[in-house]
Amino acid sequence: MAPDLLSLPAVHASHIGIWIADAHGRVQRVGRGEAIAAVAATPHLLLGATLTGDRLGYPELSGLDLLELFAFLYPARFAVPTPAGLAAAIGLAPPKSEEDIAAFLPQAAAAMLAGLDDPDWPEREGAWHGVQALARQRWSWASLIQPRLSAPEGNERWLFSRLPEWEEAPPRGAPRQVTINADDVAARLDRLTGDGAERRSGQQDYARATTAIFEPRERKDAPQMLVAEAGTGIGKTLGYLAPAKQWIDQSAGAVCISTFTKALQRQLARETEKLYPDAATHREKVVVRKGRENYLCLLNLEDALQGGFSGRAAILAQLVARWAAYTRDGDMVGGDLPGWLPALFRRNGTTALTDRRGECIYAGCPHFRKCFIERSARAATQADIVIANHALTMVQAARPRDGGAPATRLIFDEGHHLWDAADSMFAAALTGQEAVEIRRWVLGPEGKSRGRRRGLAARLADVASYDEAGDRAIQAAITAAAELPGDGWLGRLAENDPWGAIERLLVAVRGQVYARAADTKGADSGYGLETELADPDAALVAAAAGASDAIEALLRPLMALGKRLDALVDDPPDWLDGQARARVDGARHSLGTRIDTLGGWLSLLGRVGGPADPDFVDWLAVDRYDGREFDTGLHRHWLDPAKPIADIVYRPAQGVLVTSATLRSGSGWTDADIRTGARHMDGGVKHFAVPSPFDYARQSEVLIVTDIARGDLPALAGAYSRLIEASGGGALGLFSAIRRLRIVHARIADRLARAGLPLYAQHVDPLDTGTLVDIFRADPHASLLGTDALRDGVDVPGESLRLVVMEGVPWPRPTILHAARRAAQGGGAYDDMVIRGRIGQAFGRLIRRADDFGQFVMLSPSFPSRLLSAFPEGTPIRRLPLDEAVNHVAAANVERRKSAYAAFSPS
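Bear in mind the structure is a predicted one, so any value in this text is a computation, not a measurement. (Residues numbered from 1 in each chain as written. Predicted model: local features only at pLDDT ≥ 70, side-chain atom pairs only at ≥ 80, totals over all residues. Heavy atoms only, no water.)

The next thing to look at is the overall build of the chain. The secondary structure content of the chain amounts to 38 helices and 23 strands. Over its C-alpha trace the chain gives a radius of gyration of 29 Å, about what one expects of a compact globule, namely 29 Å for 907 residues. Along the longest, intermediate and shortest principal axes, the C-alpha atoms of the chain span 80 × 70 × 65 Å. In the chain, 76% of the contacts between residues at least 6 apart in sequence involve partners at least 24 apart. Here the chain displays about 37,800 Å² of accessible surface, and carbon together with sulfur accounts for 50% of that area. (Helix = DSSP H or I, 4+ residues; strand = E, 2+ residues; numbered from the N terminus. Rg over C-alpha atoms; globule rule 2.2 N^0.38 Å. Contact = heavy atoms within 4.5 Å. Areas by Shrake-Rupley, 256 points an atom, 1.4 Å probe, with all protein chains shown as cover.)

Right, let's get into the sheet that holds strand S11 (residues 428-431). Taken in spatial order, the four strands line up as S11-S14-S13-S12 in an open sheet, and their pairing is antiparallel. The open sheet has two edge strands, S11 and strand S12 (529-532), and neither has a second partner. Across the sheet, the mean angle from the axis of one strand to that of its neighbour is 20°, orientation sign disregarded. (Pairing = 2+ DSSP bridges. Axes fitted to C-alpha atoms, helices over the stretch in contact; angles between N-to-C directions.)

Let's shift gears to the sheet that holds strand S20 (residues 783-786). Pairing is parallel across the open sheet formed by seven strands, whose spatial order is S19-S20-S18-S21-S22-S17-S23. Strand pairing shows two members of the sheet lacking a second neighbour, strand S19 (759-761) and strand S23 (877-880), which therefore form its edges. The average undirected angle you get between the axes of adjacent strands in this sheet is 15°.

Counting residues in hydrophobic clusters, the biggest one holds 107 residues, and the most contacted among them are Leu66, Trp141, Ile145, Leu296 and Phe856. Ranked by the residues each element gives to this core, the list is headed by helix H16 (residues 312-324), at 10 residues. Counting 55 residues, the second-largest nonpolar core is a separate cluster that includes Leu460, Val463, Ile551 and Val622. (Core = buried A, V, L, I, M, F, W, Y, C linked by side-chain atoms within 4.5 Å. Buried < 20%, exposed > 50% of the residue type's maximum accessible area, 1.4 Å probe, protein only.)

This brings us to a nonpolar patch on the surface. On the surface, Tyr527, Tyr625 and Phe630 cluster together to form a nonpolar patch covering roughly 250 Å² of accessible area. Tracing the chain through its elements places Tyr625 in strand S13 (residues 616-625). (Patch = residues over 30% accessible without salt bridge, like charges linked within 9 Å, V, L, I, M, F, W, Y side chains within 5 Å. Salt bridge = Lys/Arg side-chain N within 4 Å of Asp/Glu carboxyl O.)

Looking now at the confidence of the model for the chain. With 94% of its residues at a pLDDT of 70 or more, the chain has an overall mean of 89. Least confident of the elements in the chain is helix H26 (residues 520-525), whose mean pLDDT is 44; most confident is helix H4 (residues 66-73), at 97. The low-confidence segment residues 520-525 (pLDDT under 50) makes five contacts with residues lying over four places distant or belonging to another chain. (pLDDT = per-residue confidence, 0-100.)

The next point concerns the pairing of strand S1 (residues 10-14). For S1, the buried fraction is high: five of the five residues fall into the buried class. Because side chains alternate across S1, one face comprises the buried residues Ala10, His12 and Ser14, and the other comprises Val11 and Ala13, equally buried. The pairing of S1 with strand S2 (residues 17-21) spans five bridges and is antiparallel. Paired with Val11 across the strands is Ile20, a residue of S2. Connecting S1 to the antiparallel partner S2 that follows it, the hairpin turn spans two residues.

Following the criterion strictly, the structure yields 16 aromatic pairs and no others. Ring plane angle 35° and centroid distance 5.6 Å describe the contact between Phe214 and Trp247, whose orientation is recorded as tilted. Of this pair, Phe214 sits in the loop between helix H11 (201-210) and strand S6 (224-230) while Trp247 sits in helix H12 (residues 236-251), and the two are 33 residues apart along the sequence. An identical accessibility class is assigned to Phe214 and Trp247; each is buried. (Phe/Tyr/Trp six-rings, centres within 6.5 Å; stacked < 30°, edge-to-face > 60°.)

The contact between helix H29 (residues 642-650) and helix H30 (residues 669-676) brings their axes to 7 Å, and the two run at 65°. The orientation of H29 with respect to H30, classified from their angle, is roughly perpendicular. Of the residues in H30, those touching H29 at Ala642, Ile645 and Tyr650 are Ile674, Arg675 and Thr676. Its residues assigned to classes, the contact of H29 with H30 shows four nonpolar, one polar and one charged. (Parallel < 35°, antiparallel > 145°, perpendicular 65-115°, else oblique. Nonpolar A, V, L, I, M, F, W, Y, C, P; charged D, E, K, R; others polar.)

When you line up the elements, Arg583 lands in helix H28 (residues 578-606). Residues Arg583 and Tyr625, 42 residues apart in the sequence, show an inter-C-alpha distance of 39 Å.

Before going further, it helps to spend a moment on H12. Since the α-helix packs 3.6 residues into each turn, any two residues three or four apart lie on the same face. Between its terminal C-alpha atoms H12 stretches 23 Å, which fits the 22 Å expected from 16 residues at 1.5 Å a residue. Taken across its 16 residues, H12 has 14 buried, putting it largely inside the fold. Looking at the residues trailing H12, positive phi occurs at Ala252, about 60°. (Expected span 1.5 Å × (residues − 1).)

Further remarks concern the pairing of strand S9 (residues 385-389). S9 sits mainly inside the fold: five of its five residues count as buried. Taking every second residue as pointing to the same face, both faces of S9 are buried, with Ile385, Ile387 and Asn389 on one and Val386 and Ala388 on the other. Relative to S9, strand S7 (residues 255-259) runs parallel, the two being bridged by five bridges. Its bridge partner being in S9, Cys256 is matched across the sheet by Val386.

Next up on the list: the packing of H30 against helix H37 (residues 828-843). For the pair H30 and H37, the least separation of the axes is 11 Å and the interaxial angle reads 85°. Relative to H37, H30 is oriented roughly perpendicular. Contact with H30, carried on its side by Asp671, Ile674 and Arg675, involves Tyr830, Met833, Val834 and Arg836 of H37 and no other residues of that element. Of the residues belonging to the contact of H30 with H37, the class tally is four nonpolar, no polar and three charged.

As structure tokens, this is what we get:
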């Protein structure tokens, strides 16, 4: 162990206390004031500055953060950011108690620094140059690392020279028309599940059923379509991968698998390793695709490294540069960048390092040939399997850009989320924030704004130089864009002093919302307000007319510019070389997106004072958070967002599978066909269902607590505390409102910590959701509170999740949009469909393996009996007071511990 580290103090803070290890390794428990004074005077070793600072009540805490050291030494490696998680990652024994953590931190730091002497340290390349740059930024670890690193003997490759260039490839051809044999699929599934594995008849039946989507379609716009519900535990992923791989091998085609969350994309990527066990082959054949905003932009990073960032943000940029040299794909959100790393820098997040809307200059970028986004896009055109998310799949169907033949077979996993994904994708919003974004895209930086964002004229300077008509269109667009809101627009709205036609519209919108919004409770609480776009007053009608003229004045030159760019590509002049062509192609794509947006705005403004469109729901809103306005505008959503899914996504495909564990929401196929859009297809849609193999009567229990009154926050907090204590942790608490989550957490976190039961929470702890789930999964005594993001897609099998507690029935919020859909879809039956789906997904978190046991607690005194069908058939359901529910949970915990003792005790 390094002697210099023994002289460094360390601090650990939790809900139950604060401990400091002094320079000689002596540990003592201290008060908050004493700890703050100590860490302010002398840099201390710590683990997670943001979380430790929150526990101390000292948000500006700084010191020697072991997580920053880990990120430097082991970029792109995974570690749970807890003492036990760090110990596991570096091969040390974890501390046994909270009191031992402060003494553990110097040991962990010494072990990591000792790794610098390891000749086989795989991330050595670039470290010497990296730490020199970090030393110039006064990084606290630099002085401890520099003496251990020798300057490289030769020229050391650094980030921009280390990254490989992508290569262009010819377009992939269309797949052959083949029919796959169900017996061949069954045999392949047997091989995938492994020798000696239990043969699951449900999985085999599911795999055979999904072969239908790979049959040749019989007519245009009528894909072979299957809507399939596969109960939890069936193994649906391998169930559809087996026929997919069989078809890929026989047809030389490609399959797109779409899911809802980034976590599920990672899970699917791991499952496909069974199809391609060789790592190099897997990288070639399977590509994970996400939106551009998820990836590191190398030009933004270069700008940050060359002085664009300062202070702590500059240190973050250097650590991201270390990661970028070793990352698999440059994915900063849900990829191999540690999810906890941006949180260590509080306000200095990684957003400025990603590809923001309208910013990319494509072939004009010096790093274009090494760009992570471009590499991913090109790899996807050659891959056998592309794993995307629902939003990106819809974007690419609506506005295809990538070359090559698109995947003809689409598999939508987590298909119950298609409705929500389409609701966001196909919506229109003419708001201040959206209008500012269009202005910046056209004009570029204005006033004192910094950054490398370039306007339309700068991005297309070569076009303007050689094409007179194109130059005139660009200049006309610049003039028209000046009518859009600029910096300070929110203040001008509040002062009723608008500047330009769009701001005058927003002032009229804001006035009508405040005059007519019925949600006085929402007004008092400081959250958003809305009102129907019906019977608009004269001021709004007049403002809408002026805004329409301003938008048309911008749309006309943009459309003219689009035609000029199309002409350049169709009949290229001599100056249009490969680089310029790529730049023009990028401009055409982003131009098309903005033209679509402006067209949607005009349609929405046409509704002001005009007839309603029965396919859409239109309303006005003032968006607020904690009493602060952050946006204002008009909104339009499809009444049935599944309709554009059918028209734009399904019909062009040859085969479509929509699958999930909860498609039917405990009822018939009608609900599934509504939520997936299958009812809009002209016949030929097949349905298939296979129940879960789990014995829910033995493995689970539903407890409906009858004596917690709605709105009684002290009672709600007490219920959560008692239930979590009874289960010994391992609880997932779900809330429908952030405010109630925070109140409950504040009331019970200290009490649970004193019982040795750590409690974490979304919207409270300064960590991203993925990291919180990682911590929860790693510690069977921990519990986690969260909102909708934790209700779906959290896969925590085993002991770490044995109790789910919902604060009450997850009723839909009574918004204008919900009211319209409720009226169109059968009133209360629509509500029940939504609620059953939410409850079913929450219950589905519990039982993930055949040896799991879990309890689901609903804190609702009047839970409707008609919603009980949300739970799997045979699940025991009991209505009882809280005391009895706590006894049930405690009894199950005792049985669990007895079973664990019996399993591990000597025979």
